[in-house]
Amino acid sequence: MKQKDVLVTGATGVIGSAVVNNLAEHGYSVYAASSDQADLRDESATMALFQTVAPEFVVHLAARVHGLMGNLKSPGAIYYDNIRINSNVIEAARVSGATKIVAMGSVAMYSDGLSLPMSEADIWAGPPHSSEAGYAHAKRGMLAQLDAYKEQYDTDFAFALSTNLFGPNDRFDEVSGHVLPSLVSRFHRSVRNGEQMVVWGDGTARRDFLYSKDAAEGLRVLLESGSGVYNLASGREVSIRETVDVLKDASGYQGEVEWDASKPNGQRNRSYDISKLTGLGWSQTTSFGDAIGETYEWYDHHYTTARR
C-alpha cells in the first residue's frame, strides 16, 4: 500500500501531525488537510476538497474535541458539529473513490459500568457516560454510517476507539481541554510564575493515556492491516495523582499540589483490551515518563504559540 495518496483530516492537531509524519516516514504521499483547506462542517466545501485531492485512502481525524468541562457545557454544539464533519467526510470519501477509510472514534463511546477492561464487542452496550454524551453519540453515529456504507457500498474501514491522547501540537486549554495537556500548561505556568499548583478532583480517577507517536503508528497499522473496530490505547491504567507526580518531575515544580475536590473527577475508572490491535503487530514503544517529558519539553519551547 506504500506510495499511495492518503488524505489526512485534522492534520495539524496532536494526532494529525503525528500521523502525517509517520505516514511520510513510511513512504506515503500525504495530503495534510486542515480547516485552512476546508470547513468540513460544510458539505460543499468538503466535497470540493475530496474531488480535488481524489485520495485512495482517508485517515479521518478532524473533530470538535473538548475535555470534561467543555463536554458538560456544550453537548449540543459538540454533537452537531461532529455529526456534520463525520457525515460529510465519509460521503465525500465514497463519492471521490477512496478505497479505505481509517476513522478516529473514541473510548467515550463506551457505556459507564462495563466490566474492565472494555472490549470492542461492548461498544453498543448501554448509553455513553452523561459527561461526554454529545461527543460520544456523534462518534457512534459515525460508526453506524461506516457500517451502513460497508453494507451498501462495500466501503472498507477501520475504526479506532481512541483513548486519551497527548503529545506535541496538542490543544493546551486549561479550562475546557483534556486533562493531561491542561495539566502540562498549568504546571508550566505555575513554575514560570511561582504559583500554587491546583488540580481538579481528588486524584483517584484512573485513565488510559497514549502518546501521539505511538497512536500514529497504530493508525498506520490499521490502514495497512485492519478492518472493523479496534481499541487504540496503552492497555495500562494510571491515576490522575500518579500523572501529577510524573509531571512534577518533568516540570521541576517544587511546591505542594493542592487538590480541589469540589471539581468533578469525571468517570472513575477506564481500561481497555488492546489484544485485537496488538494481534496486528502493534505495540506501544514509548514509556509514560518519556512521553510526558517530551510533551512538556515541546510545550516549554512553544507555549507562546501553542493552541489553547
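Overview of the structure.

Analysis parameters
- Residues numbered from 1 in each chain as written.
- Predicted model: local features only at pLDDT ≥ 70, side-chain atom pairs only at ≥ 80, totals over all residues.
- Heavy atoms only, no water.
- Salt bridge = Lys/Arg side-chain N within 4 Å of Asp/Glu carboxyl O.
- Helix = DSSP H or I, 4+ residues; strand = E, 2+ residues; numbered from the N terminus.
- Buried < 20%, exposed > 50% of the residue type's maximum accessible area, 1.4 Å probe, protein only.
- Core = buried A, V, L, I, M, F, W, Y, C linked by side-chain atoms within 4.5 Å.
- Contact = heavy atoms within 4.5 Å.
- Phe/Tyr/Trp six-rings, centres within 6.5 Å; stacked < 30°, edge-to-face > 60°.
- Pairing = 2+ DSSP bridges.
- Right-handed = clockwise from strand over helix to strand, strands pointing away.

Details of the pattern of salt bridges
- Taken as a whole and assessed by the stated rule, the structure comprises 12 salt bridges.
- Arg 189 serves as the salt-bridge partner of Glu 174, at 2.6 Å between the closest nitrogen and oxygen. Here Arg 189 lies in helix α6 (residues 179-193) and Glu 174 lies in the loop between β6 (164-166) and α6, a separation of 15 residues in the sequence.
- The exposure class assigned to Arg 189 is partly exposed, which follows from its relative accessible area of 28%.
- For Glu 224, the salt bridge identified is with Arg 220, shortest N-O distance 3.1 Å. Highlighted residues: Glu 224 and Arg 220, both in helix α7 (residues 212-225), separated by 4 residues, approximately one helical turn.
- A single network of salt bridges, built from pairs that share partners, joins Asp 39, Arg 41, Asp 81 and Arg 84.

Brief notes about the nonpolar core
- Core analysis: the biggest nonpolar cluster contains 63 residues, and Val 8, Ile 15, Val 19, Phe 159 and Leu 219 have the highest contact counts within it.
- Ranked by residue count, the leading element in this core is α7, at 6 residues.
- If near-sequence neighbours (up to four positions away) are discounted, Phe 159 is found in contact with Ala 103, Gly 105, Met 109, Lys 139, Met 142, Leu 143, Leu 146, Gly 228, Val 229 and Tyr 230.
- Of all hydrophobic cores here, the second largest spans 24 residues; its members include Leu 183, Val 199, Phe 209 and Val 257.

Description of the packing of aromatic side chains
- Going through the model one piece at a time under the given rule, you end up with 10 aromatic pairs.
- Here the aromatic rings of Phe 166 and Phe 209 are separated by 6.4 Å at their centres, their planes lie at 85°, and the arrangement is edge-to-face. With Phe 166 in strand β6 and Phe 209 in strand β9 (residues 209-211), this pair connects stretches of sequence that are 43 residues apart.
- The exposure class of Phe 166 is buried, given its relative accessible area of 1%.

Quick word on the pairing of strand β4 (residues 100-106)
- With 7 of its 7 residues buried, β4 lies for the most part within the structure.
- Alternating residues of β4 divide into Lys 100, Val 102, Met 104 and Ser 106 and Ile 101, Ala 103 and Gly 105, and every residue in both groups is buried.
- Bridging between strand β3 (residues 57-60) and β4 involves 4 bridges; their strand directions are parallel. Its bridge partner lying in β4, His 60 is registered against Ala 103.
- Strand direction decides the pairing type here: β4 and strand β5 (residues 156-162), joined by 7 bridges, are parallel. Within β5, the residue paired with Lys 100 across the bridge is Asp 156.
- Note on the crossover from β4 through helix α5 (residues 133-153) to β5: the handedness is right-handed.

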